[in-house]
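# Overview (structure and organization)
Each chain is listed here by its residues.
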Amino acid sequence: MKEIAGYLPRFQEGELEYRTLTFEGKSEKLDIQVPVLSKQQLDDVIAVIKQASANILKSLTVTEIIQIIDRVIEQLLDRTNPYRQKAEKLLPIVTGYDEELIRIGLTNYLKTFRKQNLQRFLVEDFGNPLLLDDFQPRTKRGFSKAVGANLTVQIWSGNVPALPLWSLISNLLVKSGTIGKVPSAEPLFAGWFANMIVETEPRLADCLAVIWWKGGDEEKERQLFQQADIVLAYGGNQSLESIKSRVPITTRFLPFGHKISFGIVSKISLDSRKAWKTVRDAAYDVIRYDQQGCYSPHLFYVQKGGNVSPREFARYLAHELENFEQRYPRRTLSIEEGVSLAEWRQKEEMSLFTKQEKEVLGEQNGSWTVVFGGNEGELTPSCLNRVIKVVEVDELIDVLPNIEAYRTYLQTVGIAASPNELFQMAELLGAAGVTRITALGHMTSPEAGWHHDGRFNLLDLVNMVDIEHSAEEYAESLASYVD
């Protein structure tokens, strides 16, 4: 099978060169052609998008943009839609994830971008979304308007299906033209979405481009970054450092690097009636996209004293992971991932000689692994791909000294606790560097309007323009109707 990825304005068939990325599924092979632009073609695309962003995208109201996005999302939620059918057929080949897991995950994820949620998204950041359309009065007098960039360059990474939609839709909402670089691991969905946006509203044809270049292509990145207003990039810290070195000091750089997340389980959630749900929710957070998201758990801290002990929690978790493996098998790992998993598991098994309270649970094929670490408290990253550690704590606040070393890397905590415990721990976790606290079972599904890594999704993408009260008064004195 063959598929062409990406989206480009104004190019005719035959004008572009393509690079082929090959993916092997369980029984099918897929060749994906990604457009590769020459220096002149890239300059042409940049000029077209900057002009269209200024003249067309910014002429639309934010309500009109929401309606366009909502119509596209409605089509993608329809399983008879050709793009949706293509996504369900091709994404399992590209990413290796189970077909049903992708189908369910796509539906839940896409609902995040329906009209009502986009309105919440805007209100969360701006309070008054009309700031994006016109100058609005301020409580301290004067007026302000939020102006999106004419060109934002976005560099996406990872193989979680459709993940670029967060930043691509954010950019549309603030009326900013976009050039996005698709990740080699999932180069399809962003291009499909861009094509659907243009099919729904042809006036936006020149307002965005979805392209590909080999990561670390310094010449191409310098060419792009020098003409961009904002550069937004996802990836490892080393890659982000490299990208940052090529971004001009006058260009805003928004990096989203690696993060680490974990879960907290109170003994209250481990009585005979609630324990099964708690364990199943924890297992779901582990298996969804094989922990490839920054919000996926690496470890669960489980409080002692419940009807189910932390060791029993680990064993039940192993049982649930096996159940999920039967229904949603883990994807085939790369050689590097397989080696990393084997080394991680060997290290844990070797530690059993000196730490007899520990327990390593898992199948010989390594499709999942649970390590009960006793009171081995420090938060340590797992090797991912359904590998999780369970650590016991006497009190929930005992978690805090164990996460201190990772303060700058902390992101999501999935928690199963009483209301009092939730708010007490939220206060302490926030002070420790955690930026998102959610229910166990929801770690991999951020809500619309969440503050990604503690930041504003939309406010970071605009400049605020103020009319101070003095200018308004001065203008009044010069008005034609002044006596």
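Here's a quick rundown of the structure. Small disclaimer: the values here were computed from a predicted structure and weren't measured.

### Examining the packing of helix α2 (residues 62-77) against helix α7 (residues 189-200)
- In the contact formed by α2 and α7, the axes pass within 9 Å of each other and the chain directions differ by 120 degrees. When the axes of α2 and α7 are compared, the pair comes out oblique. Taken as a pair, α2 and α7 cross one another with a handedness that is right-handed. On α7, the residues touching I68, I69, R71, V72, I73, Q75 and L76 of α2 are F189, F193, M196, I197 and T200.
- Residue composition of the contact of α2 with α7, by class: 9 nonpolar, 2 polar and 1 charged.

### Comments concerning the side chain of T438
- The topology assignment puts T438 in strand β17 (residues 436-439).
- T438 sits in the buried class, given a relative accessible area of 15%.
- T438 has contacts with T412, V413, G414, I415 and M443, leaving out every residue within four places of it along the chain.

### Here we look at unusual backbone geometry
- Here Y289, not a glycine, exhibits a phi torsion of approximately 55 degrees, which is positive.
- Within the secondary structure, Y289 sits in the loop between α10 (275-287) and β12 (297-303).
- Although it is not a glycine, D453 adopts a positive phi angle of roughly 55 degrees.
- When you line up the elements, D453 lands in the loop between β17 and β18 (462-467).

### Some remarks on the layout of surface pockets
- Counted as a void, the second largest pocket has a volume near 620 Å³.
- Around the second largest pocket, the lining comprises 29 residues; the ones closest to its centre are R436, S445, P446, E447 and A448.
- Secondary structure elements with two or more residues in the lining of the second largest pocket: α4 (99-111), α5 (115-126) and β17.
- Ranked by residues supplied to the lining of the second largest pocket, first place goes to β17 with 4 residues.
- Shared between two domains, the lining of the second largest pocket takes at least three residues from each, and those domains are domain 1 (2-257) and domain 2 (260-439).

Criteria and thresholds
- Residues numbered from 1 in each chain as written.
- Predicted model: local features only at pLDDT ≥ 70, side-chain atom pairs only at ≥ 80, totals over all residues.
- Heavy atoms only, no water.
- Axes fitted to C-alpha atoms, helices over the stretch in contact; angles between N-to-C directions.
- Helix = DSSP H or I, 4+ residues; strand = E, 2+ residues; numbered from the N terminus.
- Parallel < 35°, antiparallel > 145°, perpendicular 65-115°, else oblique.
- Left-handed = near helix turned anticlockwise from the far one by under 90°.
- Contact = heavy atoms within 4.5 Å.
- Nonpolar A, V, L, I, M, F, W, Y, C, P; charged D, E, K, R; others polar.
- Buried < 20%, exposed > 50% of the residue type's maximum accessible area, 1.4 Å probe, protein only.
- 1 Å grid on protein atoms, 1.4 Å probe; cavity = no way out; pocket = protein on both sides within 12 Å on 5 of 7 lines; lining within 4 Å.
- Points joined across faces, edges and corners; volume = space filled by probe spheres on them.
- Domains from an automatic or database assignment.

Honestly, it's all geometry; don't read function into it.
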